[in-house]
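What follows is each chain in one-letter form.
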Amino acid sequence: MSKFIQSVKKRIIAFAVVAAVVAAAGCWWYVSYYTRTPEYSIRMVQEAVSQHDKEKLYQYVDVSHMLETASDAMLDGLVQAMVPATGDTREAVSSLTKMFKAPVIMSLQSAVDNYVEQGTWIDKNVDERSMAATVDADMIVNRIGLPNISFQKLESVAVDFDNGTAVAKVQVRQTEADEDFTLDVELVETDSGIWQVYEITNFKDFIERLQSLRQKHVKAYLEESASLMEQHDAVIAAAEQEIGELLSKGSLGSNVTRSQIKEVLETKSIPDWQARKAELEAMEVPDAAGSLHRLRLKICDARIDAAASYARWMDDKKAATIRSSDNSLRMAKTLEKDAELLTKQVNAHVR
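Rules and cut-offs
- Counting restarts for each chain, with residues numbered from 1 along the sequence as it is written.
- Per-residue local features of the predicted model are confined to residues with pLDDT of at least 70, and side-chain atom pairs are confined, for both listing and counting, to 80 or more; whole-chain, interface and lining totals are unaffected and use all residues.
- Just so you know, side-chain values use all the structure's heavy atoms and leave hydrogens and water out.
- One side-chain nitrogen of Lys or Arg within 4 Å of one carboxyl oxygen of Asp or Glu is enough to make a salt bridge.
- Counting from the N terminus, the helices are the DSSP runs of H or I reaching at least four residues and the strands are the DSSP runs of E reaching at least two.
- For each residue, the accessible area found with a 1.4 Å probe, counting protein chains only, is set against the maximum for its type, and the residue is called buried under 20%, exposed over 50%, and partly exposed in between.
- We define a nonpolar core as any set of buried Ala, Val, Leu, Ile, Met, Phe, Trp, Tyr and Cys residues linked to one another through side-chain atoms lying within 4.5 Å.
- Whether two residues touch is decided by their heavy atoms; if any such pair falls within 4.5 Å, the residues are in contact.
- Only when DSSP finds a minimum of two bridges between them are two strands counted as paired.
- Convention adopted: a line fitted to C-alpha atoms gives each axis, helices being fitted over their contacting stretch, and angles between N-to-C directions are expressed from 0 to 180 degrees.
- The labels follow the angle: roughly parallel below 35 degrees, roughly antiparallel above 145, roughly perpendicular from 65 to 115, and oblique for the rest.
- Should the near helix be turned anticlockwise from the far one by less than a right angle, the crossing is left-handed, and should it be turned clockwise, the crossing is right-handed.
- Take the residue count of a helix, subtract one, and multiply by 1.5 Å to get its expected span.
- Centres within 6.5 Å make a pair out of two Phe, Tyr or Trp rings, where for Trp the six-membered ring is used; the pair is then stacked when the planes are under 30 degrees apart, edge-to-face when over 60, and tilted otherwise.
- A ring is considered to have a charge above it if a Lys NZ or an Arg CZ atom is located within 6 Å of its centre and within 35 degrees of its normal.
- As a working rule, the residues Ala, Val, Leu, Ile, Met, Phe, Trp, Tyr, Cys and Pro are called nonpolar, Asp, Glu, Lys and Arg charged, and the rest polar, with Gly in that last group.

Chemist: Outline the pattern of salt bridges, listing residues and values.
Modeler: Within this structure, the stated rule accounts for 14 salt bridges. The closest approach of N and O atoms between R209 and E179, which form a salt bridge, is 2.9 Å. Residue R209 is located in helix α8 (residues 203-249), and its partner E179 is located in strand β3 (residues 179-189); the two are separated by 30 residues in the primary sequence. On the basis of relative accessibility, which here comes to 23%, the residue E179 falls in the partly exposed class. Within this structure, R43, E47 and K56 form a network of salt bridges that share partners.

Chemist: I'd love a proper account of the nonpolar core, names of residues and values included.
Modeler: General note: in soluble globular proteins, nonpolar side chains tend to be found buried as a group. Judged by nonpolar contacts, the single largest core of 46 residues is most densely connected at I144, V185, L187, V197 and F203. Broken down by element, this core gets its largest block of residues, eight residues, from helix α4 (residues 63-82). When near neighbours in sequence (up to four residues on either side) are disregarded, L187 contacts P38, S41, I42, G164, T165, A166, A168, W195, Q196, V197 and Y198. Counting 32 residues, the second largest nonpolar core, distinct from the first, contains L222, L265, A307 and A311.

Chemist: Which residues make up the pairing of strand β1 (residues 149-160), and what values go with them?
Modeler: Pairing analysis gives ten bridges linking β1 to strand β2 (residues 165-174), with the strands arranged antiparallel. Of the residues in β2, the one forming a bridge with D160 is T165. What sits between the antiparallel neighbours β1 and β2 is a turn of four residues, in which G164 has the positive phi angle 70°.

Chemist: Summarise the sheet that holds β3; cite the residues concerned and give the values.
Modeler: Taking strand neighbours across the sheet as the criterion, the four strands line up as β1-β2-β3-β4 in an open arrangement whose pairing is antiparallel. In this open sheet, the two strands that pair with only one neighbour each are β1 and β4 (195-200). The mean angle between the axes of side-by-side strands here comes to 30°, regardless of whether they run parallel or antiparallel. With respect to the sheet, α8 is in contact with β1, β2, β3 and β4, its orientation differing from that of β3 by roughly 165°.

Chemist: I'd like to hear about the packing of helix α10 (residues 290-316) against helix α11 (residues 319-348), residue by residue, with values.
Modeler: Orientation of α10 relative to α11, taken along the N-to-C sense of each, is 160°, at an axis distance of 8 Å. Taken together, the axes of α10 and α11 are roughly antiparallel relative to one another. Of the two elements, α10 crosses α11, and the hand of that crossing is left-handed.

Chemist: Report on the side chain of Q174, specifying residues and quantitative values.
Modeler: Locating Q174 in the fold gives a position in strand β2. Its relative accessible area of 2% is what places Q174 among the buried residues. Residue contacts for Q174: discarding those within four places in its chain leaves G145, N148, I149, E179, F206 and L210.

Chemist: Explain α11 residue by residue, including any values.
Modeler: For an α-helix, 3.6 residues make a turn, and residues three or four places apart therefore share a direction. In this model, α11 (30 residues) spans 44 Å end to end at C-alpha, consistent with the 44 Å of a helix rising 1.5 Å per residue. Check the buried side of α11 and you find it contacts α8 and α10.

Chemist: Which residues make up the packing of aromatic side chains, and what are the values?
Modeler: Taken as a whole, this structure holds five aromatic pairs when the rule is applied. Measuring from ring centre to ring centre gives 5.8 Å for F203 and F206, while their planes differ by 15°; the resulting arrangement is stacked. Placement of both F203 and F206 in helix α8 is noted, with a separation of three residues, approximately one turn of the helix. Between the aromatic rings of Y310 and W313, the centroid separation amounts to 6.0 Å while the plane-to-plane angle is 10°, which identifies the pairing as stacked. Of this pair, Y310 and W313 both sit in helix α10, three residues apart, roughly one helical turn. Relative accessible area serves as the criterion here: at 16%, W313 is assigned to the buried category. Ring-pair connections join several aromatic residues into one group, and the members of that group are F181, F203 and F206. In this structure, R258 is placed above the aromatic ring of W313, and the distance from its NZ or CZ to the ring centre is 4.8 Å. A cation over an aromatic ring shows up here: R276 above the ring of W273, its NZ or CZ 4.0 Å from the ring centre.

Chemist: Account for the packing of helix α9 (residues 255-281) against α10, with residues named and values stated.
Modeler: Two numbers describe how α9 lies on α10: the axes approach to 9 Å, and their chain directions differ by 165°. Relative to α10, α9 is oriented roughly antiparallel. Judged by the sense of rotation from one axis to the other, the crossing of α9 with α10 is left-handed. A per-class count over the contact of α9 with α10 returns 15 nonpolar, two polar and ten charged.

Printed below as a string of structure tokens:
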């Protein structure tokens, strides 16, 4: 029994020694090797964001160079995706956009700092003195789709030890486009042995892809809404023709004619404008067509008000009622001209 106990003790001691050696080796590997790898730096960037630690972010990201290259990629990508011209025209537009590089960098800097510190790209508690810069930042981060990007996974890391560089392929999800995209993140080894995120080398490709998908969404919206409105325009045209025929056979001084016109308005014109508005509200609307869509909804409201007031006038014959109808009709026609112009402008950016 004594020999058995001694044997067990020896085995326990040996196991403890091995465990200690393994633990020591693990600690050495973690401190001396893993913390000096690109994978570790990517992890630290994620931690910096989740822990709202700006100091850690700046330790593992060359933010200055990232913003410099990201602004170039953004401006070039937007021009490439949105300017249909080629040659000298595109070159001229591209040169013009470089004038905005400094404010773009400043806005991106503000957005990045705010995102790390507060978890949101735009500071909602901005004061009036910085309101203009915030508007710019809001436009920029939305233009390049930052609020809709989420980290998915680190696909791979390729290290060039001779040059002290590495490329990490990081998969992100762009929810607006409903698509995954792999970013090529270049890292550079610093003199202290830490790897810093240096540049997203295919960020321009990402911008162009995003803009292309947005244009497809805008094109789909324009086609779907045009078909929708064409069908409703036919109904309204038929109702207006019916009213015109009633007036040609009778007169507004006739109670019978007025009653018939009111019936057309209340059973055909008004319900159709209401149905048009409901169908428009049910559509998926891309950001680029947001202003146009809101304008179309206002047109529906103005047309509904005009027809409803005109129907009431058939009963009360009050001057105030017909004035209300005329005012709503004038507003609708003005908005329709604006919508026609805006539709042309939106179409001009769709290829």
